[in-house]
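Chain by chain, the residues:
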Amino acid sequence: QVQLVESGGGLVQAGGSLRLSCAASGRTFSSYSMGWFRQAPGKEREFVAAISWIGGRTSYADSVKGRFTMSRDNAKSTVYLQMNSLKPEDTGVYYCAATPSPTLRNEPTRYDYWGQGTQVTVSS
């Protein structure tokens, strides 16, 4: 089992920044690739970013490329999502997730463990 706890969400004006954190506990964190997803009201959960456990490779949704950066600190069992130049359409509940897959995954069904989510609201 892997337990995930997100933090860092909040209310920010368009153009602002937030940094989300996801702290993991349980099994060996460094053996899991991690992902960030988000879900807006009335919409399906969508992929935001992922980072592999081998080599720390990253992948981003086209909508956030150049604005969001995902990183991981294996010593702290934590992943981060630095979000800059935020837009109102970035609003939603942000979830982190873990998968034992060594490759980057953008499908929610590929992830075995999920956090409870943290709300991000971007005002115009």
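All figures in this text were calculated on a predicted structure; none of them were measured in a lab. (Residues numbered from 1 in each chain as written. Predicted model: local features only at pLDDT ≥ 70, side-chain atom pairs only at ≥ 80, totals over all residues. Heavy atoms only, no water.)

Engineer: Describe the nonpolar core, naming the residues involved and giving the relevant values.
Structural biologist: As a rule of thumb, soluble globular proteins bury nonpolar side chains together. Ranked by size, the top nonpolar core spans 34 residues in total, and within it Leu4, Met34, Trp36, Met70, Leu81, Met83 and Tyr94 carry the most contacts. Residue assignment for this core shows that the elements contributing at least two residues are strand E1 (2-7), strand E3 (18-26), strand E4 (33-39), strand E5 (46-51), strand E7 (68-73), strand E8 (78-83), strand E9 (92-99) and strand E11 (118-123). For methionine 70, the contacting residues outside a window of four places in its chain are Met34, Gly35, Trp36, Ala49, Ala50, Ile51, Thr58, Tyr60, Val79, Tyr80 and Leu81. (Core = buried A, V, L, I, M, F, W, Y, C linked by side-chain atoms within 4.5 Å. Buried < 20%, exposed > 50% of the residue type's maximum accessible area, 1.4 Å probe, protein only. Helix = DSSP H or I, 4+ residues; strand = E, 2+ residues; numbered from the N terminus. Contact = heavy atoms within 4.5 Å.)

Engineer: Quick rundown of the pattern of salt bridges? Include the residues and the values.
Structural biologist: This structure, assessed with the given rule, holds four salt bridges. Its salt-bridge partner being lysine 65, residue aspartate 62 comes within 3.2 Å of it at the nearest N-O pair. Relative accessible area serves as the criterion here: at 65%, aspartate 62 is assigned to the exposed category. Residue arginine 67 is joined to aspartate 90 by a salt bridge in which the shortest nitrogen-to-oxygen separation is 2.8 Å. Here the residue arginine 67 occupies a position in the loop between strand E6 (58-60) and E7, and aspartate 90 occupies one in the loop between E8 and E9, the gap between them amounting to 23 residues. Across the pair, aspartate 90 and arginine 67 agree in class, each one buried. Here the residues in one salt-bridge network are Arg38, Glu46, Arg67 and Asp90, joined through shared partners. (Salt bridge = Lys/Arg side-chain N within 4 Å of Asp/Glu carboxyl O.)

Engineer: Which residues make up the sheet that holds E1, and what values do they have?
Structural biologist: As summarised here, the arrangement of the four strands in space is E1-E3-E8-E7, forming an open sheet in which the pairing is antiparallel. Strand pairing shows two members of the sheet lacking a second neighbour, E1 and E7, which therefore form its edges. Neighbour to neighbour, the strand axes of the sheet diverge by 15° on average, direction disregarded. For E1 and E3, the ladder comprises six bridges, and the chain directions are antiparallel. Residue pairing across strands places valine 5 opposite alanine 23, the latter belonging to E3. (Pairing = 2+ DSSP bridges. Axes fitted to C-alpha atoms, helices over the stretch in contact; angles between N-to-C directions.)

Engineer: Which residues make up the state of the cysteines, and what are the values?
Structural biologist: If you walk through the whole model with that rule in mind, you get one disulfide. Here cysteine 22 engages in a disulfide with cysteine 96; their sulfurs sit 1.9 Å apart. Residues cysteine 22 and cysteine 96 are joined by a disulfide whose S-S torsion is about 45°; by sign, that bridge is right-handed. With cysteine 22 in strand E3 and cysteine 96 in strand E9, this residue pair connects regions lying 74 residues apart in the sequence. Here cysteine 96 falls in the buried class, since its relative accessible area comes to 0%. (Disulfide = S-S within 2.5 Å.)

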